[in-house]
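A structural walkthrough
Residues per chain are reported as follows:
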Amino acid sequence: MRPKSDSTRDKTGGNKTDIIHQLWRTKGECPKNTIPIRRRTRDDLLRSDSIKTHGRKNPPTISPTTYHLPDDQTEVHEHASVYLDYGEYHGSKSRISIWRPDVNMTEFSLAQTWVVGGDWDTVLNTVESGWQILHSMYGDNNTRLFAFWTSDSYGDNSCYNLDCPGFVQVNKDIALGAALNTISTYNGNQYDFLLTIEKEQDTGLWWLKFDTHLVGYWPSFLVPKLADSARMIAWGGEIVYDASGQNEHTLTQMGSGHFAEEGFKKAAYINNIEYIDKSNHPIKPFPQNLEASVTRPECYNLKVGSSRRWGTYIFYGGPGRNPQCL
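Scope of this entry: the structure provided in the associated data block. (Residues numbered from 1 in each chain as written. Predicted model: local features only at pLDDT ≥ 70, side-chain atom pairs only at ≥ 80, totals over all residues. Heavy atoms only, no water.)

**Some words on the overall build of the protein**
Across its full length, the protein holds two helices and 16 strands. Evaluated residue by residue, the protein yields a buried proportion of 56% over its 326 residues. Excluding contacts between residues fewer than 6 apart, the proportion of contacts in the protein whose partners are at least 24 apart in sequence is 72%. Summing over all exposed atoms, the protein offers an accessible surface of approximately 14,500 Å²; the carbon and sulfur share of this is 47%. (Helix = DSSP H or I, 4+ residues; strand = E, 2+ residues; numbered from the N terminus. Buried < 20%, exposed > 50% of the residue type's maximum accessible area, 1.4 Å probe, protein only. Contact = heavy atoms within 4.5 Å. Areas by Shrake-Rupley, 256 points an atom, 1.4 Å probe, with all protein chains shown as cover.)

Below you can see the structure in the form of structure tokens.
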């Protein structure tokens, strides 16, 4: 299927520029009317707790607002994000800078957009996308494009990429779960990509666009709490670490591994932040209208701003353990 509405169509006419290419494309491309699917290997499955849990987040996981874990929960989710809540949203657009932070093998770090319906007290539905480093899933520390959804608060009905039925891919040039080959460097070249998640009014499909590529869609029946609109949109970074038996904070980094106040070429950013309203018009939120959620500012923090060139933006991230974060 292809989008019927103009707002979600690729208006470039196929003349794509400044596209972030993925490493697998150096080996060739997929024929017309096929899609790329990352091969799931025996080693991938062996790194998972079980075949059933492969491709799923371990609950409980992040709410874009602060979520307090129970006393016996050892998996800690920390984040630096901004969000709009209690609205009727049809999606999000933003440019996300690409980094390769240092991440412990049993942990992960990501930058993403959350589109959220429902709530933790009843049931949470989300569609999410961005980049992540997740050794337990991919077997390396490459920065990879991902898509995710859940219809039961990160329980059994949730999945990454194309690892189980759910997300429907229509693009032959972009592979979910594949590594990105342009990575920002400290005080060096900076790379980012435009990420769009938009609900199509006519069909109810939630479309994912990577730069000018329409990657695919989440059907509305997959996430019923998002059938009409999203309640919350969030942008930012997240890390997860296992705190069991640990007396000090993890060294896993978020973003570039540097704090937000270091600014451009040093800290990770998400700029040109926009939400899509119920008429499918992109709207730039004022910085003062964004709620900030930072779990441990001494470990990872963020800074919100606005400029003519960047629109509304955030710098975010941090090194994890440091003299103030123990």
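From this point, the discussion proceeds with the structure in view.
**Quick word on the side chain of Gln22**
Relative to the elements of secondary structure, Gln22 occurs in the segment before helix 1 (42-47). Here Trp24 takes part through its side chain, which lies 3.0 Å from a polar atom of the side chain of Gln22. Ignoring sequence-local partners within four residues, the contact set of Gln22 consists of Leu145, Asp173, Ile174, Ala175, Ala178, Ala179, Leu180 and Asn181. (Polar contact = N/O pair within 3.5 Å; in protein donor to acceptor, adjacent residues only side chain to side chain.)

**Some remarks on the side chain of Glu128**
Summarising the element assignment, Glu128 is placed in strand 4 (residues 124-134). Of note is the side chain of Glu128, whose polar atom sits 2.6 Å from the side chain of Tyr154.

**Here's the deal with the pairing of strand 10 (residues 213-218)**
A large share of strand 10 lies buried, amounting to six of its six residues. Of the pairings in the sheet, the one linking strand 7 (residues 168-169) to strand 10 comprises two bridges and is antiparallel in character. Paired with Val168 across the strands is Tyr217, a residue of strand 10. Sheet analysis places strand 9 (residues 206-210) next to strand 10, joined by five bridges and oriented antiparallel. Bridge pairing links Trp206 to Trp218 in strand 10. A loop of two residues connects strand 9 with strand 10, the two strands running antiparallel in sequence, and Asp211 in this loop sits at a positive phi of about 50 degrees. (Pairing = 2+ DSSP bridges.)

**A closer look at the nonpolar core**
Ranked by internal contacts, the top residues of the largest apolar core, which has 50 residues, are Leu208, Trp218 and Tyr316. The residues touching Trp218, leaving out its near neighbours within four places in the chain, are Val127, Glu128, Ala147, Phe148, Trp149, Phe167, Ile197, Leu205, Trp206 and Leu208. With 16 residues, the next largest nonpolar core counts Leu110, Val116, Tyr138 and Met232 among its residues. (Core = buried A, V, L, I, M, F, W, Y, C linked by side-chain atoms within 4.5 Å.)

**Quick word on the pattern of salt bridges**
With the rule as written, the count across this model stands at twelve salt bridges. With a closest N to O distance of 3.8 Å, Arg40 and Asp163 form a salt bridge. Of this pair, Arg40 sits in the segment before helix 1 while Asp163 sits in the loop between strand 6 (158-160) and strand 7; the two residues are 123 residues apart in sequence, bridging distant segments of the chain. With a closest N to O distance of 2.6 Å, Glu298 and Arg296 form a salt bridge. The network of salt bridges with shared partners includes Arg25, Glu29, Lys172 and Asp173. (Salt bridge = Lys/Arg side-chain N within 4 Å of Asp/Glu carboxyl O.)

**Focus on the packing of aromatic side chains**
Each aromatic ring pair is characterised by the separation of its centres together with the angle its planes make. Enumeration over the complete set of coordinates arrives at 15 aromatic pairs. Seen in terms of ring centroids, Trp207 and Tyr217 are 5.0 Å apart; in terms of plane orientation they differ by 55 degrees. Their pairing is tilted. Taken together, the positions of Trp207 in strand 9 and Tyr217 in strand 10 put the pair ten residues apart, joining distant regions of the chain. Judged by its relative accessible area of 2%, Trp207 is buried. Overall, Tyr217 belongs to the buried group, its relative accessible area being 8%. Note on Phe264 and Tyr269: the rings are 6.1 Å apart at their centroids and 45 degrees apart in plane angle, and the pair reads as tilted. Pairwise contacts between aromatic rings join Trp120, Phe146, Phe148, Tyr154 and Tyr160 into one cluster. In this arrangement the basic side chain of Arg25 is found over the ring face of Trp24, its NZ or CZ atom lying 5.5 Å from the centre. Against the face of Tyr86 rests Arg231, its NZ or CZ located 5.4 Å from the ring centre. (Phe/Tyr/Trp six-rings, centres within 6.5 Å; stacked < 30°, edge-to-face > 60°. Lys NZ or Arg CZ within 6 Å of the ring centre and 35° of its normal.)

**Comments concerning unusual backbone geometry**
Look at Asn187: it is not a glycine, yet its phi comes out positive at around 65 degrees. Here Asn187 lies in the loop between strand 7 and strand 8 (192-199). Located in the positive-phi region is Asn272, a residue other than glycine, with phi close to 50 degrees. In this fold, Asn272 is placed in strand 12 (residues 268-276).

**Quick word on the state of the cysteines**
Tallied over the entire structure, the rule returns two disulfides. The disulfide that involves Cys159 links it to Cys164, with 1.9 Å between the sulfurs. Neither residue differs from the other here; Cys159 and Cys164 are each classed as buried. Counting only the cysteines that form disulfides, in the order they appear in the protein, gives the pairing 1-2, 3-4. (Disulfide = S-S within 2.5 Å.)

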